[in-house]
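An overview of the molecular structure
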Amino acid sequence: MISPTSLRGSKITGTGRYCPPRVLTNEDLEKMVDTSDEWILTRTGIRERRIADRGQACSDLALEASMAALHSAGVGASELDAIIVGTVTGDMVFPATACLIQERLGAKKAAGFDVSAACCGFVYGVSNGHALIASGQMDKVLIVGVDILSKIVDWKDRATCVLFGDGAGAVVLEACSAGEGILGTYMKSDGSLADLLQVPSGGSRDPASPETCARGGHYLKMKGDGVFKYAVRAMEDAVKQVLDRANLTIDDVDLIIPHQANIRILDAVHKRLGVSADRVVVNIDRYGNTSSGTIPIALDEVVRNGRLKKGDVVLMVTFGGGLTWGSLLFRYN
Ligand SMILES: CC(C)(COP(=O)(O)OP(=O)(O)OC[C@H]1O[C@@H](n2cnc3c(N)ncnc32)[C@H](O)[C@@H]1OP(=O)(O)O)[C@@H](O)C(=O)NCCC(=O)NCCS
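All values reported here derive from a predicted model rather than from experimental measurement.

1. Thoughts on the sheet that holds strand β7 (residues 166-177)
One open sheet holds the 5 strands; their spatial order is β1-β7-β6-β4-β5, and the pairing between them is mixed. In the strand order of this sheet, the two ends are held by β1 (8-18) and β5 (111-115), each with one partner. Ignoring strand direction, the axes of neighbouring strands in this sheet form an average angle of 20°. One ladder, built from 5 bridges, connects strand β4 (residues 82-86) with strand β6 (residues 140-148); its direction is parallel. Bridge assignment links Ile-84 to a residue of β6, and that residue is Ile-143. Across the sheet, helix α3 (residues 58-73) lies against β1, β4, β6 and β7, angled at about 125° from β1, the strand it touches most. Each of β4 and β5 is contacted by helix α4 (residues 97-105), which is oriented at about 135° to β4, the strand it contacts most.

Listed below in structure tokens is the structure:
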């Protein structure tokens, strides 16, 4: 039985992922731009990434991940109260990709909306889903993190095109007693750093036109060194804030699932936190940076390969364009 509103919490009851089968290796990239496997591997930790087909859109990847998550939770689509999709590469400017998935899943009673927080989309989405459940407004929410950055990177720009990949992960969040499941959430942003990572054209500031296309305004632009610097600080802040909120310390955390942007960022963060590498989940070598997809994909992997045990305390921590950053603590059960 679900507790009264003041004592409600939410917990993850199912996970799923889908990454397109097409693999693009560093050796493949050597034939496309002036780069090398050695440069990419030592600077980023990436060996290969998955790339969506021309005809595949975000909702196609998200649908597969969602069905896997619903199946593992034993929840029918018709039971969902909401679908929240973290993405910045939705099928269209609008409607929300969440609405497109709702239709394809047959989630008749669900509300659907997207969260635009770049690589933080999934963590922000779960935080929102948790708030909707904890406040008593909803009981079952599906959250998806999905991006197809391969469609917005400039494949002639070696500084960005080697970093990203495509993929989707999803979780089902259900009501439970407070204190079980999600133990704390934290979301933060700093819009003064918006120019570090952005797609400048195609919105209302610089609408799409033949001229914006000609100058590549619809491609992702990044100041990599600036992002790197703030990423380490932001992730450290996010870890400290969420631990404080939950009244826990880093020693209480069994597994850290960080956003997979660069192995050097992950190394810097876990060294600053004083955490051994075996408590940090890393799969960037196989997927690259899938933006909102990285954390739920990694979560589904550790659930299915048994690395995550019942009762484990898990810390998710992320950062992305905006800049945005955030974190989430939960006990897996
Ligand atoms: C992008 C990033 C890997 C670059 O690493 P770096 O060590 O800072 O490398 P630099 O940008 O200083 O570039 C060093 C040199 O490598 C070159 N270079 C850039 N990309 C290259 C590539 N793919 N292959 C080979 N050389 C490359 C640069 O042109 C530069 O050459 P120069 O010294 O002759 O000018 C790093 O800054 C990073 O990961 N930043 C964070 C990005 C991120 O996380 N984004 C997602 C946020 S969610």
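2. Details of α3
For α3, built from 16 residues, the straight-helix expectation of 22 Å at 1.5 Å per residue is met to within 8% by its first-to-last C-alpha distance of 22 Å. Burial analysis of α3 places 12 of its 16 residues in the buried class, the great majority of the element. Where α3 is buried, its residues contact β1, β4, α4, β6 and β7. Gly-74, located one to two residues past α3, shows a positive phi value of around 70°.

3. Regarding the nonpolar core
Ala-62, Ala-65, Ile-83, Val-141, Leu-142, Ile-143 and Met-235 are the most contacted members of the largest nonpolar core, which has 105 residues in total. Examining the composition of this core, we find that 10 residues originate from one element, helix α8 (residues 224-246), more than from any other. Both domains that meet at this core, namely domain 1 (5-178) and domain 2 (183-331), each give it at least three residues. Among residues more than four places away in sequence, those in contact with Ile-83 are Ala-98, Ile-101, Gln-102, Ala-107, Ala-110, Gly-112 and Leu-142.

4. Some points on the domain arrangement of the protein
Domain assignment breaks the protein into domain 1 (5-178) and domain 2 (183-331). Relative placement of domain 1 and domain 2: their C-alpha centres are 13 Å apart. On the domain 2 side, the residues contacting the 44 residues of domain 1 number 42 residues. Those elements that place two or more of their residues in the side of domain 1 that touches domain 2 are β1, β3 (48-50), α5 (121-134), β6, α6 (158-161) and β7. If one sorts the elements of the side of domain 1 that touches domain 2 by residue count, α5 sits on top with 7 residues. Considered class by class, the residues forming the side of domain 1 that touches domain 2 number 22 nonpolar, 14 polar and 8 charged.

5. Quick notes on the sheet that holds strand β8 (residues 182-189)
An order of β8-β13-β12-β11 is seen for the 4 strands of this open sheet, with the pairing classed as mixed. The open sheet has two edge strands with one neighbour each: β8 and β11 (255-258). On average, each strand axis in the sheet is tilted by 10° relative to the strand beside it, whichever way the strands run. Across the sheet, α5 lies against β8, β12 (313-320) and β13 (324-331), angled at about 55° from β13, the strand it touches most. With respect to the sheet, helix α11 (residues 294-304) is in contact with β11 and β12, its orientation differing from that of β11 by roughly 145°.

The rules behind each value
Residues numbered from 1 in each chain as written. Predicted model: local features only at pLDDT ≥ 70, side-chain atom pairs only at ≥ 80, totals over all residues. Pairing = 2+ DSSP bridges. Helix = DSSP H or I, 4+ residues; strand = E, 2+ residues; numbered from the N terminus. Axes fitted to C-alpha atoms, helices over the stretch in contact; angles between N-to-C directions. Contact = placed C-beta atoms within 7 Å. Expected span 1.5 Å × (residues − 1). Buried ≥ 20, exposed ≤ 12 C-beta atoms within 10 Å, placed from the backbone. Core = buried A, V, L, I, M, F, W, Y, C linked by C-beta atoms within 7 Å. Domains from an automatic or database assignment. Nonpolar A, V, L, I, M, F, W, Y, C, P; charged D, E, K, R; others polar.

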